[in-house]
Amino acid sequence: MSYRPSSRCLTLALAFAVITGTLVTPAEAQGPPGVLRISIIGDVTLNPFTQPQQLPTTQVLKVVFSTLTRYRPGDLQPVGDLATSWQALEGAKVWEFKLRRGVKWHDGKPLTAADVKFTLESIVDPKVKALFRSALKGLQRVDIVDDATVRIVFGQPFASLPIVLAWNVVIAPKHLLEGKDLNDLSDFAQKPVGTGPFKFKEAVKGSHITLDANPDYHDGRPKLRTIVFKVIPDINTVVAQLRTGELDLAVVESVHRETLERAPQLGFKVTQLPSTFNISFNNTRWPFTDRLVRQALIHGLNRELLVQRVVRGDAPVASSPYARAFGPFFNASLKPYAYDVGRAKALLAEAGFKPGPDGILQKDGKRLAFELMVDKGNPVREQVALYAQQAWKQLGLEVKLVVEEWSVYIKKGNQLPAGDYDARTTWRITAPDPDKTPEFTTGGINNHYAYANPEVDRLMAEARGVTDHARRVAMYHRIQELIYQDAPQAWINYQTENLAMNKRVRDYPDLGLRDALQWMHVISVP
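Residues numbered from 1 in each chain as written. Predicted model: local features only at pLDDT ≥ 70, side-chain atom pairs only at ≥ 80, totals over all residues. Heavy atoms only, no water.

Okay, the overall build of the chain next. Within the chain, the secondary structure is distributed over 17 helices and 19 strands. The C-alpha radius of gyration of the chain comes to 23 Å, within 12% of the 24 Å expected for a compact globule of 526 residues. Across its three principal directions, the C-alpha atoms of the chain cover 75 × 60 × 40 Å. The long-range fraction of contacts in the chain, counting pairs at least 24 apart against all pairs at least 6 apart in sequence, stands at 69%. Surface accessibility of the chain: about 20500 Å² in total, with carbon and sulfur atoms responsible for 50%. The chain carries 65 positive and 55 negative side-chain charges, and their two centres are separated by 2 Å. (Helix = DSSP H or I, 4+ residues; strand = E, 2+ residues; numbered from the N terminus. Rg over C-alpha atoms; globule rule 2.2 N^0.38 Å. Contact = heavy atoms within 4.5 Å. Areas by Shrake-Rupley, 256 points an atom, 1.4 Å probe, with all protein chains shown as cover. Lys, Arg positive; Asp, Glu negative; His and termini not counted. Charge placed at Lys NZ, Arg CZ, Asp CG, Glu CD.)

Here it is in structure tokens:
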């Protein structure tokens, strides 16, 4: 049985995106020298522990604060930031880090080992709703050897700690935050103090965040004098401002790249990301408590067509949450669920669903109906949701689209132990390490879809401590097989980052934007 979905809505969306870009005439004027303007999707609250609003907050935090390690351009290997060296002790159960001497907070106070101890122990404190607590799962304590040396102690070996610490674990100032409610740092967030290359200057809600160069930065005075993060939720506005020269850096969709390539002042950097775009099912809500239903919905999506017509670009159809960017940890033996309407309908029938009087499938008198949430302002993601709605309608489902502003989307979607949604489009870019404890273990801090499999929990915990590379690869391949069978999400495509960049930007590092933000001091804009 074949099924050809209507492409009218998809065509309209793509036409709109292209027209929106081509109606804007490229401007000859460039921005002011020494000022870099970057788009972010929403407002930020600069709490280094809870990181509200997630993506935009994390992006700004990476420039204002510092991490112990960061990723080296080109190969993503961890290199020093606040730390100068590190070594594993006791079979990687203990890690000793040497800190840079002479590092100062933006208020002039010295950074010490006490700040590292305060930060890491606060992140794992169950009273603190730290966004990346699961990343440090098993942390027992941090011992101060001297002002410039710490030993981080885990209950089990943690082989990839230097990689994990380079991701989003920013170090916070003990002298300003000790004794405060770390879940509500609204006063501190008004004028945050970090050790990063840029100091906070101002934030205007719905408009921008301005940062000025930190002349005392430990890795040398930044070449830029100012960074402006412009709050632009709508991708079409981003495209327009790239064309007019009002933005210097922005991540765009492949369809927009095709239009923006005609703007003479712009170039592009394409990076494979350790990320998979997907539709997550709330595994605690009916009907997604049934694995057969989840598998059926994946079989019912023609993802090849979806990627070709909507996502476009170099975006291979995904088979699991582990993208190709994970290198040897990517399990290439897993093939994407085939598009098979007959198989989808058979699985739904096996799950006990039969057509109701209105044509919608039902079970025990309950109609197979649910809501699908998507964030507003990105036509590609909105059209993925629209396509899924139409495809699943052909299976006998009733799907209502719920389009939310980014702040509402995050607030509803990222609740624990399960998000306030039935299903939602989503993605998560992670550290270049296969440990997905936060996302796929029971109770993981980023497991908002409430996926739970005791065997995955066991293997994920064990694999964190394995230092033998071949054995570690085999374990994560097995983890992928288990997640693949459970189908907690409908994986759409492996993501690539299309970064549009004004040609006046110099010395941009060979990294995706999130990781490059830790190297903003080397970039210049004449």
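In a packed pair of helices, the relevant descriptors are the angle between the two axes and the axis-to-axis distance. Between helix 15 (residues 454–463) and helix 16 (residues 469–486), the shortest axis-to-axis distance is 10 Å and the interhelical angle comes to 160°. Considering the angle they form, helix 15 stands roughly antiparallel to helix 16. The element helix 15 and its partner helix 16 pack so that their crossing is left-handed. For the pair helix 15 and helix 16, contact is made by Glu455, Val456, Leu459, Met460, Glu462 and Ala463 and by Arg471, Arg472, Met475, Tyr476, Arg478, Ile479, Leu482 and Ile483, respectively. Looking at the contact of helix 15 with helix 16 residue by residue, the class counts come to nine nonpolar, no polar and five charged. (Axes fitted to C-alpha atoms, helices over the stretch in contact; angles between N-to-C directions. Parallel < 35°, antiparallel > 145°, perpendicular 65-115°, else oblique. Left-handed = near helix turned anticlockwise from the far one by under 90°. Nonpolar A, V, L, I, M, F, W, Y, C, P; charged D, E, K, R; others polar.)

If you look at the biggest cluster of nonpolar residues, it comprises 154 residues, and the most contacted ones within it are Leu120, Ile152, Phe229, Trp392, Leu397 and Met520. Excluding its chain neighbours within four sequence positions, the residues that come into contact with Phe229 are Ile38, Ile40, Gln59, Val60, Val63, Ser207, His208, Ile209, Leu211 and Leu517. In this structure, Val238, Leu242, Ala250 and Leu266 belong to the second largest nonpolar core, which totals twelve residues. (Core = buried A, V, L, I, M, F, W, Y, C linked by side-chain atoms within 4.5 Å. Buried < 20%, exposed > 50% of the residue type's maximum accessible area, 1.4 Å probe, protein only.)

Before going further, it helps to examine the sheet that holds strand 7 (residues 149–154). Pairing is antiparallel across the open sheet formed by four strands, whose spatial order is 4-5-7-6. At either end of the open sheet lies a strand with only one pairing partner, and these are strand 4 (83–89) and strand 6 (139–146). Each strand axis lies, on average, 20° off the axis of its neighbour in the sheet, ignoring direction. With six bridges connecting them, strand 6 and strand 7 associate as antiparallel partners. Residue pairing for strand 7: Asp143 is matched across the bridge by Arg151. Strand contacts of helix 3 (residues 113–123): strand 5 (94–99), strand 6 and strand 7, with the helix running at about 175° to strand 6, the strand carrying the most contacts. (Pairing = 2+ DSSP bridges.)

This next bit is on the pairing of strand 7. Within strand 7, five of the six residues are buried, leaving the element largely enclosed by the surrounding structure. Of the pairings in the sheet, the one linking strand 5 to strand 7 comprises five bridges and is antiparallel in character. In the strand pairing of strand 7, Phe97 is matched with Val150. Where strand 6 folds back onto strand 7 in an antiparallel hairpin, the turn is made up of two residues.

On to the confidence of the model for the chain. Looking at the chain, the pLDDT average stands at 91 and 94% of residues meet or exceed 70. The low-confidence segment residues 1–29 (pLDDT under 50) makes 46 contacts with residues lying over four places distant or belonging to another chain. (pLDDT = per-residue confidence, 0-100.)

As for its placement among the helices and strands, Asp375 is situated in strand 16 (residues 369–375). The exposure class of Asp375 is buried, given its relative accessible area of 0%. Reaching out from Asp375, the side chain makes a polar contact with the side chain of Arg381 at a distance of 2.7 Å. Look past the residues within four positions of Asp375 in its chain and what remains in contact with it is Ile41, Arg381, Glu382, Val403, Glu404, Trp406, Tyr409, Thr425 and Trp427. (Polar contact = N/O pair within 3.5 Å; in protein donor to acceptor, adjacent residues only side chain to side chain.)

On to helix 11 (residues 341–350), then. When helix 11 is considered as a whole, its buried residues turn out to be Val341, Ala344, Leu347 and Leu348. Seen from one end, helix 11 has its buried residues packed into an arc of 125°, which puts them on one side. Buried residues along helix 11 sit in contact with helix 9 (291–299) and strand 14 (361–363). With a side-chain oxygen lying 3.2 Å from the backbone nitrogen of Gly342, the N-terminal cap of helix 11 falls on Asp340. Residue Gly352 follows helix 11 closely and has a positive phi angle near 100°. (Arc of directions from axis to C-beta.)

Scanning all chains against the criterion turns up 17 aromatic pairs. With a centroid separation of 5.5 Å and 55° between ring planes, the pair formed by Tyr322 and Phe326 is classed as tilted. Ring plane angle 55° and centroid distance 5.9 Å describe the contact between Phe370 and Trp392, whose orientation is recorded as tilted. You can see Phe370 sitting in strand 16 and its partner Trp392 sitting in helix 12 (residues 379–393), a full 22 residues away along the chain. For the residue pair Phe370 and Trp392, the accessibility class agrees, reading buried in each case. (Phe/Tyr/Trp six-rings, centres within 6.5 Å; stacked < 30°, edge-to-face > 60°.)

Next up on the list: helix 9. A large share of helix 9 lies buried, amounting to seven of its nine residues. All buried positions along helix 9 are accounted for by Val293, Arg294, Gln295, Ala296, Leu297, Ile298 and His299. The N-terminus of helix 9 is capped by Asp290, whose side-chain oxygen sits 2.9 Å from the backbone nitrogen of Leu292.

We now examine unusual backbone geometry. Along the chain, Trp286 connects to Pro287 via a cis peptide bond; the corresponding omega equals 5°. Along the chain, Pro287 turns up in the loop between strand 12 (266–281) and helix 9. Of note, the amide linkage connecting Leu416 to Pro417 takes the cis form, showing an omega dihedral of 10°. Of note, Pro417 is situated in the loop between helix 13 (406–413) and strand 18 (423–426). Although it is not a glycine, Ala92 sits at a positive phi angle of roughly 75°. Looking at the element boundaries, Ala92 is found in the loop between strand 4 and strand 5. Backbone geometry at Ala450 places phi at a positive 60°, although glycine is not the residue there. Mapped onto the elements of the fold, Ala450 is located in the loop between helix 14 (437–440) and helix 15. Taking relative accessible area as the criterion, Ala450 reaches 18% and is therefore assigned buried.

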